[in-house]
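Each chain is listed here by its residues.
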Amino acid sequence: MTDAVHPLLLRSAAVLPWLGLFASAAMAVIVTAFGLLAMPYYADLFGAAGQPLPWITRMFSQAWGTAWLAPVLVGAALFLRTTPYVRIAAGVFGLGAAVLGAVSALFAMYLPYFKLASLV
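Residues numbered from 1 in each chain as written. Predicted model: local features only at pLDDT ≥ 70, side-chain atom pairs only at ≥ 80, totals over all residues. Heavy atoms only, no water.

Colleague: For this particular structure, what's the right way to read the nonpolar core?
Modeller: Across soluble globular proteins, you tend to see nonpolar side chains buried next to one another. Counting 18 residues, the largest nonpolar core has Met27, Val31, Phe34, Tyr42 and Phe60 as its most contacted members. For this core, the elements supplying multiple residues, two or more each, are helix H1 (7-49), helix H2 (55-62) and helix H4 (84-119). With 8 residues, H1 is the single largest residue contributor to this core. What Met27 contacts, discounting residues up to four positions off in sequence, is Ala67, Ala70, Ala97, Ala98, Gly101 and Ala102. (Core = buried A, V, L, I, M, F, W, Y, C linked by side-chain atoms within 4.5 Å. Buried < 20%, exposed > 50% of the residue type's maximum accessible area, 1.4 Å probe, protein only. Helix = DSSP H or I, 4+ residues; strand = E, 2+ residues; numbered from the N terminus. Contact = heavy atoms within 4.5 Å.)

Colleague: I tried to follow the packing of helix H3 (residues 69-79) against H4 on my own but got confused; where do I start?
Modeller: It is the contact of H3 with H4, at a shortest axis distance of 9 Å, that shows an interaxial angle of 160°. In terms of orientation, H3 and H4 fall into the roughly antiparallel class. Here H3 and H4 pass one another in a crossing that is left-handed. Facing Ala70, Leu73, Val74, Ala77 and Leu78 of H3, the residues of H4 in contact are Val86, Arg87, Ala90, Phe93, Gly94 and Ala97. Looking at the contact of H3 with H4 residue by residue, the class counts come to 9 nonpolar, 1 polar and 1 charged. (Axes fitted to C-alpha atoms, helices over the stretch in contact; angles between N-to-C directions. Parallel < 35°, antiparallel > 145°, perpendicular 65-115°, else oblique. Left-handed = near helix turned anticlockwise from the far one by under 90°. Nonpolar A, V, L, I, M, F, W, Y, C, P; charged D, E, K, R; others polar.)

Have a look at this one:
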């Protein structure tokens, strides 16, 4: 039995973590911008209407900094020179976190509008 690693696996282990790192960092920037810039507007809007914010919007307003966990974890796997399997898993995790974070942020951003429209 040999410990040889397939060249395609090595290429994936070289590229995928970087894609995961950039995608998760972009997601973290979007979520941070939403938490810092848009949330005060939504809080004022709902406060004037006398309504509480939807739970997912409150979550994003209070815990937007946790979005930076994904790029840190992917970066740690990338820069600690782990095995190719761990690097591929880190890249997939980063891409998944980016998709999940971006979709959740969009949902949290538009849900207050739908809730206010249902009050009219």
